[in-house]
Protein chains: 2
Amino acid sequence: MIRRATGVARNGRYPGGVTFPVVGMVGGGQLARMTHEAGIPLGIRFKLLSDTPQDSAAQVVSEVVVGDYRDLGTLRAFARGCDVITFDHEHVPTEHLRALEADGIPVRPGPDALVHAQDKGVMRAKLVEIGVPCPRHRIVSDPADVVAFAAEGVPAGAEGDGFPVVLKTVRGGYDGKGVWVVRSAADAEDPFRAGVPVLAEEKVDFVRELAANVVRSPHGQAVAYPVVESQQVDGVCDTVIAPAPGISDELALGAEELALRIAKELGVVGHLAVELFETRDGRILVNELAMRPHNSGHWTQDGAITSQFANHVRAVLDLPLGDPRPRAKWTVMVNVLGGDYPDMYSAYLHCMARDPQLKIHMYGKDVKPGRKVGHVNTYGDDLDDVLERARHAAGYLRGTITE
Amino acid sequence: MIRRATGVARNGRYPGGVTFPVVGMVGGGQLARMTHEAGIPLGIRFKLLSDTPQDSAAQVVSEVVVGDYRDLGTLRAFARGCDVITFDHEHVPTEHLRALEADGIPVRPGPDALVHAQDKGVMRAKLVEIGVPCPRHRIVSDPADVVAFAAEGVPAGAEGDGFPVVLKTVRGGYDGKGVWVVRSAADAEDPFRAGVPVLAEEKVDFVRELAANVVRSPHGQAVAYPVVESQQVDGVCDTVIAPAPGISDELALGAEELALRIAKELGVVGHLAVELFETRDGRILVNELAMRPHNSGHWTQDGAITSQFANHVRAVLDLPLGDPRPRAKWTVMVNVLGGDYPDMYSAYLHCMARDPQLKIHMYGKDVKPGRKVGHVNTYGDDLDDVLERARHAAGYLRGTITE
């Protein structure tokens, strides 16, 4: 029998000498929590670097180190005994990741890939270089430069000043934070106050937002999930429909190929979410990249043969990837945001009794208005029914639906 | 909005005053491990009483108390801060469970139900009382009494001594341990050596073994999973096929109704597995009962809308139960037993590459020959294919298949 060595060493020793790898997860949020959940069946060891012992993932993981991921000494101490390091977020400084790699710890995704999810300026430059369609954009230096950027978008002979324009700090934003839609020079002052470079982008006249989720392993295997429709409310993901309703085979295949190409060209290892705009004239433009399990892939927990979390674990361990195909005709994910009524557990009675097929995923997080504290998944053959069930459950958990 | 109180108090406080219940699990084996995994999405707190910090579940749970479940003081200390107590095994002494109940801690299943899974003598007496078909049986006092019991089974005018006969210690057996098939008085001496009462049963001439899995909640809601075929090797469950191939609607419905009736009559809360013999003349006889998630229900993790583990958690919390229906035409579970080759992780490469739809569930246990260290699930439309994939993967992981 041939037993090939796998892509990582193995520090997780069981009493009888059986070894399984130890995955070090930096960040204790819900993505880490759900990745741990997906890793349990593989028998791997999971070690967590968490900001506090109360973080979402720290509540459910056995081996937790509480510490600051911005401190290299903390990261280095955490990495000892881990066979591979991966992430719940993109905020670990690039130079720290290089230091860990120099110490001989595989970092997946690695710093050369991850920088494209950390820095929107670097991301745009790279996507343009490899010919990926993006919204018109450039780094701007001050409000006057924003006015100039807006004017550059007005076709010759047309009227108007080119506003609105989207401004983004190149680092540190998420869920609509660090993003502004501005309509004048006066509007454009805030983004420059942080002292971080600011990227200006055209405000794309899109018909809807899509997301293409792919997973890539170090030896180059990659899988693509069906392209989904992602509906945002106030800049925060609200509803995801898998697959995107009414999408043409050509557009779906094009989006999957685009995401796979980006994963390859950027050297991504693990899960890559490519957020897309579908324009009125049937093109797709890349909005954002995320190199970790992503909100637009939460539907895969109950709707795909292999979830994004399971495939992320398999990818960072360089194990063969699991089948990404859907198990149902339609799967819908709706986020549960914190509302005025914090007692979500009591709402389980109504939600579970109303819909015995409902899948609730709560993160163990303190309820604050607008904060993502969980999501629900539903699936079935009738999209209207699947959507109604998910929206009702999420609304009831939040407290906005009371019947 | 009406928010009903749920059936348990809630000690799991999050920073903002959100409360979720704390489930106390006694026993750190793989059933506890997989129950924790299924509880993570519900946002509940899970607290474990484990024999050692290395036990299967202790590797993946945040709050672990290491202690001896046979010690009442340990159990009482563990139960403080838990909202409900449930079990990974049936070995907690009945009087300790009564003491916890007297302390005001809900114990689910409760001692009055659980005793039927702890004591085979009590179980047989109760099943006869409520009219459930069982193999011929009685408590026997010594080898001579076994000979008498065997002879009682020989029809008038027929030849033979009535052997073989099955002997079982009424307490403490599992996976073929505490069970003997004897062919003579001389064979029958071992079972009496433990000083535990011995139950004699006819050796049923069955065509196959079935299992009916049901879940019941304190307020009386109950769900039934499809009846499965369970194939044993050397007294240990090897393969489970869901649903049982070729079973008549009448027999399947009869078995489900029987299990639901037993759950109700015995006051079971949580998962109940009823192991059944299907006789050559088309009847079913009850073999064993287990009041916890059960090996014959592991297929539900990937093959049912709601897994047995998720429904066990919902039942002990008195939450509405989830839909038990299958998601695939056929689901097959094959156990992975410890073999000569302890490095199961290396075998993942072959297994995952060969079958991207394969579901591996490993328990983090030391590999010992014959020990259950994991299982695999496969599902699909073609039973031959589904069976072949599961058997190949389990055999390869164990090391008995080497191609």
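About the thresholds
Residues numbered from 1 in each chain as written. Chains lettered and ligands numbered in written order. Predicted model: local features only at pLDDT ≥ 70, side-chain atom pairs only at ≥ 80, totals over all residues. Heavy atoms only, no water. UniProt positions renumbered as here; feature names shortened; annotations may be inferred. Salt bridge = Lys/Arg side-chain N within 4 Å of Asp/Glu carboxyl O. Buried < 20%, exposed > 50% of the residue type's maximum accessible area, 1.4 Å probe, protein only. Helix = DSSP H or I, 4+ residues; strand = E, 2+ residues; numbered from the N terminus. Least-squares fit on C-alpha atoms with pLDDT ≥ 70 in both. Phe/Tyr/Trp six-rings, centres within 6.5 Å; stacked < 30°, edge-to-face > 60°. Pairing = 2+ DSSP bridges. Axes fitted to C-alpha atoms, helices over the stretch in contact; angles between N-to-C directions. Contact = heavy atoms within 4.5 Å. Polar contact = N/O pair within 3.5 Å; in protein donor to acceptor, adjacent residues only side chain to side chain. Buried area = accessible area lost by both parts, 1.4 Å probe. Domains from an automatic or database assignment.

Per an unreviewed UniProt entry, the recorded name for chain A is N5-carboxyaminoimidazole ribonucleotide synthase, and the organism is Streptomyces tauricus. The record in UniProt for chain A states the following under Subunit (unreviewed entry): "Homodimer." UniProt, in the comment section headed Sequence similarities (unreviewed entry), describes chain A in these words: "Belongs to the PurK/PurT family."

Q: Describe the pattern of salt bridges, with residues and values.
A: All chains considered together, the criterion is met by 46 salt bridges over all chains. Here arginine 70 of chain A makes a salt bridge to aspartate 68 of chain A, at a shortest N to O gap of 3.0 Å. For arginine 70 of chain A, a relative accessible area of 54% translates into the label exposed. Aspartate 68 of chain A gets classed as partly exposed once you look at its relative accessible area, which sits at 30%. Residues aspartate 119 of chain B and arginine 171 of chain B are paired through a salt bridge, measuring 3.6 Å at the closest nitrogen-oxygen approach. Of this pair, aspartate 119 of chain B sits in the loop between helix H4 (111–118) and helix H5 (120–129) while arginine 171 of chain B sits in the loop between strand E8 (165–169) and strand E9 (179–182); the two residues are 52 residues apart in sequence, bridging distant segments of the chain. Because the salt bridges share partners, they merge into one network encompassing Lys120, Arg124, Lys168, Glu201 and Glu288 of chain A.

Q: Describe in detail the relation of the copies chain A and chain B, supporting the description with residues and values.
A: Note on the copies: chain A fits chain B at an RMSD of 0.1 Å, the axial shift is 0.0 Å, and the rotation between them is 180 degrees. Classification of the inter-copy transformation places it as that of a two-fold axis. Judged by C-alpha distance, serine 62 of chain A is the residue of chain A that lies nearest the rotation axis, at 2.1 Å.

Q: Give a description of the packing of aromatic side chains that names residues and reports values.
A: Residue and element names in this part refer to chain B. In total, this model carries 10 aromatic pairs over all chains according to the counting rule given. Ring centres of tyrosine 345 and tyrosine 348 lie 5.0 Å apart, and the angle between their planes is 55 degrees; on these two criteria the pair is classed as tilted. Taken together, the residues span about one helical turn, with tyrosine 345 and tyrosine 348 both in helix H10 (residues 344–354) at a distance of 3 residues. Considered together, tyrosine 345 and tyrosine 348 belong to a single accessibility category, that of buried residues.

Q: Give me the pairing of strand E11 (residues 206–216) of chain B: which residues, what numbers.
A: Residues and elements named next belong to chain B. Within E11, 9 of the 11 residues are buried, which leaves it mostly tucked inside the rest of the structure. As paired strands, E11 and strand E15 (residues 270–279) are joined by 10 bridges and run antiparallel to one another. Within E15, the residue paired with asparagine 213 across the bridge is alanine 273. Sheet topology note: the E11/strand E13 (residues 228–233) ladder contains 3 bridges and is antiparallel. Across the sheet, residue alanine 211 finds its bridge partner in E13, namely valine 228. Looking at chain direction, E11 and strand E12 (residues 222–224) are connected through 3 bridges and run antiparallel. Paired with arginine 216 across the bridge in E12 is alanine 222. Hairpin geometry of E11 and E12 is characterised by an intervening segment of 5 residues between the two adjacent antiparallel strands and by a positive phi of about 100 degrees at glycine 220.

Q: How would you explain the sheet that holds E8 of chain B if you had to name every residue and give the values?
A: Think of a sheet as strands paired side by side through backbone hydrogen bonds, with each pair either parallel or antiparallel. Residue and element names in this part refer to chain B. In space, the 4 strands of this open sheet follow the order E7-E10-E8-E9, with antiparallel pairing throughout. Across the chains shown, the open sheet's two edge strands, defined by having one partner strand only, are strand E7 (137–140) and E9. When strand polarity is set aside, the average angle formed by the axes of neighbouring strands in this sheet is 30 degrees. Inspection of the sheet shows E8 paired to E9 by 4 bridges, in the antiparallel sense. When the sheet's bridge partners are listed, valine 166 is paired in E9 with valine 181. Contacts between helix H6 (residues 143–152) and the sheet are confined to E7, E8, E9 and strand E10 (198–202), with E7 contributing the most and set at about 165 degrees to the helix.

Q: Describe the UniProt feature "binding site: ATP" (unreviewed entry) in chain A, naming the residues involved and giving the relevant values.
A: Residues and elements named next belong to chain A. In this structure's numbering, the residues bearing the UniProt feature "binding site: ATP" (unreviewed entry) are Lys120, Lys168, Glu201, Glu202, Lys203, Val204, Glu209, Asn287 and Glu288. Tracing the backbone through its elements, the reader meets glutamate 201 in strand E10 (residues 198–202). Excluding residues that lie within four positions of it along the chain, glutamate 201 makes contacts with Arg124, Pro135, Arg136, His137, Phe149, Val165, Val166 and Lys168. Polar contacts involving the side chain of glutamate 201 include one to the side chain of arginine 124, which spans 2.7 Å. The topology assignment puts glutamate 202 in strand E10. Apart from the residues within four sequence positions on either side, glutamate 202 is in contact with Pro135, Arg136, Phe149 and Val166.

Q: Give me the lowdown on the interface of chain A and chain B, citing residues and values where you can.
A: Counting from both sides, the interface comprises 69 residues of chain A and, opposite them, 67 residues of chain B. Overall, the association of chain A and chain B removes approximately 6100 Å² of surface from exposure, summing both partners, and the carbon and sulfur fraction of that is 57%. Along the contact surface separating chain A from chain B lie 0 salt bridges. Our enumeration of links across chain A and chain B arrives at 18 residue pairs in polar contact (both at pLDDT 80 or more). Secondary-structure elements contributing two or more residues to the side of chain A that touches chain B are strand E2 (19–20), helix H1 (30–39), helix H10 (344–354), strand E18 (359–362) and helix H11 (383–398) of chain A.

Q: Pulling in residues and values, what's your account of unusual backbone geometry?
A: The omega torsion of the bond from arginine 108 of chain B to proline 109 of chain B falls at 0 degrees, within 30 degrees of zero and hence cis. Tracing the backbone shows proline 109 of chain B in the loop between helix H3 (94–102) and H4. Even without a glycine there, the phi angle at aspartate 234 of chain A is positive, about 55 degrees. Within the secondary structure, aspartate 234 of chain A is located in the loop between strand E13 (228–233) and strand E14 (236–242). For aspartate 318 of chain A, which is not glycine, the phi torsion reads 55 degrees and is therefore positive. Relative to the helices and strands, aspartate 318 of chain A resides in the loop between helix H9 (308–316) and strand E17 (330–337).

Q: Explain the domain arrangement of chain A to me, and be specific about the residues and the numbers.
A: By domain assignment, chain A separates into domain 1 (12–107), domain 2 (136–202) and domain 3 (206–398). Its C-alpha centre places domain 1 of chain A at a distance of 37 Å from the equivalent point of domain 2 of chain A.

Q: An account of the environment of aspartate 71 of chain B is needed here, citing residue identities and associated values.
A: Mapped onto the fold, aspartate 71 of chain B is located in the loop between strand E5 (63–66) and helix H2 (72–79). With 21 residues separating them along the chain, aspartate 71 of chain B and valine 92 of chain B place their C-alpha atoms 9.1 Å apart.

Q: Pulling in residues and values, what's your account of H9 of chain A?
A: Residues and elements named next belong to chain A. Across the 9 residues that make up H9, a large majority, 9, are buried. Those residues of H9 that fall on the buried side of the exposure criterion are Gln308, Phe309, Ala310, Asn311, His312, Val313, Arg314, Ala315 and Val316. Backbone geometry just downstream of H9 places aspartate 318 in the positive-phi region, at approximately 55 degrees.

Q: Talk me through the sheet that holds strand E8 (residues 165–169) of chain A; I want residue IDs and the actual numbers.
A: All names here are of chain A. Taken in spatial order, the 4 strands make up an open sheet running E7-E10-E8-E9, and their pairing is antiparallel. The open sheet has two free edges, formed respectively by strand E7 (137–140) and strand E9 (179–182), since each of these has just one partner strand. Across this sheet, the average inter-strand angle for adjacent strands is 30 degrees, counted without regard to direction. Pairing analysis gives 5 bridges linking E8 to E10, with the strands arranged antiparallel. Within the sheet, the bridge partner assigned to valine 166 lies in E10 and is glutamate 201. Seen against the sheet, helix H6 (residues 143–152) touches E7, E8, E9 and E10 and runs at an angle of roughly 165 degrees to E7.

Q: Can you explain the pairing of strand E16 (residues 284–290) of chain B? Please cite residues and give values.
A: All names here are of chain B. Burial analysis of E16 places 7 of its 7 residues in the buried class, the great majority of the element. With 6 bridges connecting them, E15 and E16 associate as antiparallel partners. When the sheet's bridge partners are listed, glutamate 278 is paired in E16 with isoleucine 284. Where E15 folds back on E16, the antiparallel hairpin that results is connected by 4 residues, among which glycine 282 adopts a positive phi of roughly 80 degrees.

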